[in-house]
Amino acid sequence: MAAHHRQNTAGRRKVQVSYVIRDEVEKYNRNGVNALQLDPALNRLFTAGRDSIIRIWSVNQHKQDPYIASMEHHTDWVNDIVLCCNGKTSSSLSGNKDSIYSLAMNQMGTVIVSGSTEKVLRVWDPRTCAKLMKLKGHTDNVKALLLNRDGTQCLSGSSDGTIRLWSLGQQRCIATYRVHDEGVWALQVNEAFTHVYSGGRDRKIYCTDLRNPDIRVLICEEKAPVLKMELDRSADPPPALWVATTKSSVNKWTLKGIHNFRASGDYDNDCTNPIPPLCTQPDQVIKGGASIIQCHILNDKRHILTKDTNNNVAYWDVLKACKVEDLGKVDFEEEIKKRFKMVYVPNWFSVDLKTGMLTITLDESDCFAAWVSAKDAGFSSPDGSDPKLNLGGLLLQALLEYWPRTHINPVDEEENEINHVNGEQENRVQKGNGYFQVPPHTPVIFGEAGGRTLFRLLCRDSGGETESMLLNETVPQWVIDITVDKNMPKFNKIPFYLQPHSSSGAKTLKKDRLSASDMLQVRKVMEHVYEKIINLDNESQTTSSSNNEKAGEQEKEEDIAVLAEEKIELLCQDQVLDPNMDLRTVKHFIWKSGGDLTLHYRQKST
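These figures come from a predicted structure and were not determined experimentally.

*Asks:* How do you make sense of the confidence of the model for the protein when you look at a structure like this?
*Replies:* Close inspection of predicted coordinates is inappropriate for parts of the model with low pLDDT. Per-residue confidence for the protein gives a mean pLDDT of 85, with 85% of residues at or over 70. Scored below 50 in pLDDT, residues 412–426 makes 13 contacts in the model with residues more than four places away or belonging to other chains. Throughout residues 540–552 the model reports pLDDT below 50, and contacts reaching past four residues in sequence, or to other chains, amount to zero contacts.

What follows is the structure, given as structure tokens:
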């Protein structure tokens, strides 16, 4: 499913590429649920929240699996949803200066009100998109809004701890209710607009008589702060209340006893001696899933360890965009220590957990910083060589594998000749990077750095005609260079000095500044020392050797490698270096100081 937002490219900020590592079907809310809407006619509940996904559930208690479907258009928290106009939206309203946290529309569709961190209520006529008024009074974020049927009165709940009743005709607040000890984040009201149901940060849900605020009933107490509520209006008075919190499960609480409770006069108007809640257990629970709350990027800059709200630890592969292993309830810090390797790979991506899932972001500034050898990455080449691979470049090619513009067609027609084995034309169009693929359901997001989303699509959908066209408009040049033009970035160079160790007794050399790939292994520097410095005199004596020796050049190179390791030691900060270590790892873990890296060599004592 794709979502695209047009914008003038001339004024566009730097574009980043993000993707989400997740299951193909995310059936369970992964994080707090910010929004609820109940459709009593179809017996369906709509939920949306911090994992960016809108889900539809059956509220039929006899159904074993209540999940019906998901709608995935968003890339960030969904703060509110409204069912209106038979499921169709017909107008776009602008004017809010800050993030909108609440929306309400009356049943007749004549008024829409929004609340935000501006601390004011903004009122529009959705039929003409005209701004009608701005209502001031709250001293903090307006988190909940309700309108009566004809759009003349509005109820608002705020993080300032108050509920306010507004007259839109008089354009002012006509009553203020202080029911909760902390912020009021959710409101519902009965059809007659006489009783308000409220919940918030204190986790308590009250029913308050708007005509007599002293009459209020504590319905229940949730296990987490209340974010949203939705009345079951299948009967009057309402038989139940759906409640969403900062946890991922959604609970249904019965209201059947509340009317007898009111009639008895045994309501909660004495704060010194509060009565117990009407309900202690929910009637129905729509189970939520676990949310990732902690992560650690391992030294190889490819794998990530995470811990979720159930204290389960998991091991992920950023490159292949998948979970590798569920480790269960193990000690997170111990697992990090256990998987530590003394290897340095530069940072080339960032991680975000705000949706409760791993969102990986690639930025032009450092996306191509990490080079590794194919063997170190666990990839094999058909010719048996060990090429150097750029992790960010390979990943971008995998994410856009289905985009036709990235495909390489055969140069000659004869390369596409008939396959005589099966009589079919052999398809030799090259796609992706040739080493790995990411799951086709992976969501890919193009967005401005620190700004709005430009285009969201699934990896597999980039081959579609419309998606392909929108990608042409959206994909930045730095991604085009790698995926379409196949221009891989240059290797990272590292400057260093090479000197004899003080214990060798050798004369200090002229301090020439050397430069090499930061992936160069220590053994190659040892070979250089052995061949070019230690054996320099011997080499000068054998310059007139016969042509017969050329046949043994390869053997000579192999001999030098063996002899170098046998006879030479390379040190940094007086620590003997492992020949398999590369220069960037030496600089990061052993040199650990400013200025250019300095290496010392000496002959091993026999």
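So that's the structure; there's more coming.
*Asks:* Explain the nonpolar core to me, please; I cannot follow it from the model alone.
*Replies:* Trp 348, Leu 362 and Phe 446 are the most contacted members of the largest nonpolar core, which has 50 residues in total. Of all elements in the fold, only β2 (15–21), β25 (313–317), β28 (358–362), α3 (391–399), β31 (443–448), β32 (453–458), α4 (465–474) and α5 (477–483) reach the threshold of two or more residues within this core. No other element matches the six residues that α3 contributes to this core.

*Asks:* How should the sheet that holds strand β13 (residues 163–167) be read in this particular structure?
*Replies:* Strand pairing in a sheet relies on backbone hydrogen bonds, with the paired strands running either antiparallel or parallel. The antiparallel open sheet is built from four strands, whose spatial order is β11-β12-β13-β14. Of all the strands in the sheet, just β11 (142–147) and β14 (172–177) have a single pairing partner and so form its edges. In this sheet, neighbouring strand axes are inclined to one another by 25 degrees on average, regardless of whether the strands run parallel or antiparallel.

*Asks:* Could you clarify how one ought to interpret the packing of aromatic side chains in this entry?
*Replies:* Here a ring pair, both rings aromatic, is described through the centre-centre distance and the interplanar angle of the planes. Counting across every chain of the model gives seven aromatic pairs. Summarising the aromatic geometry, the rings of Phe 379 and Tyr 435 are spaced 5.6 Å apart at their centres and angled 50 degrees between planes, so their arrangement reads as tilted. Here the residue Phe 379 occupies a position in the loop between β29 (371–373) and β30 (388–390), and Tyr 435 occupies one in the loop between α3 and β31, the gap between them amounting to 56 residues. For Tyr 435, a relative accessible area of 27% puts it in the partly exposed group. Pairwise contacts between aromatic rings join Phe 379, Tyr 435 and Phe 436 into one cluster. Sitting over the face of the ring of Trp 185, Lys 143 holds its NZ or CZ atom 4.7 Å from the ring centroid. The ring of Tyr 315 is capped by Arg 339, whose NZ or CZ atom sits 4.2 Å from the centre of that ring.

*Asks:* When you look at the side chain of Arg 584 in this model, what are you seeing that I'm missing?
*Replies:* Turning to its location among the elements, Arg 584 is positioned in helix α9 (residues 583–591). Only 2.8 Å separates the side chain of Arg 584 from the backbone oxygen of Tyr 344, close enough to count as a polar contact. Within the structure, Arg 584 has its side chain in polar contact with the backbone oxygen of Trp 371 (distance 2.7 Å). When neighbours within four sequence positions are excluded, Arg 584 is seen to be in contact with Tyr 344, Val 345, Pro 346, Trp 371, Val 372, Ile 494, Asp 518 and Met 519.

Parameters at a glance
- Residues numbered from 1 in each chain as written.
- Predicted model: local features only at pLDDT ≥ 70, side-chain atom pairs only at ≥ 80, totals over all residues.
- Heavy atoms only, no water.
- pLDDT = per-residue confidence, 0-100.
- Contact = heavy atoms within 4.5 Å.
- Core = buried A, V, L, I, M, F, W, Y, C linked by side-chain atoms within 4.5 Å.
- Buried < 20%, exposed > 50% of the residue type's maximum accessible area, 1.4 Å probe, protein only.
- Helix = DSSP H or I, 4+ residues; strand = E, 2+ residues; numbered from the N terminus.
- Pairing = 2+ DSSP bridges.
- Axes fitted to C-alpha atoms, helices over the stretch in contact; angles between N-to-C directions.
- Phe/Tyr/Trp six-rings, centres within 6.5 Å; stacked < 30°, edge-to-face > 60°.
- Lys NZ or Arg CZ within 6 Å of the ring centre and 35° of its normal.
- Polar contact = N/O pair within 3.5 Å; in protein donor to acceptor, adjacent residues only side chain to side chain.

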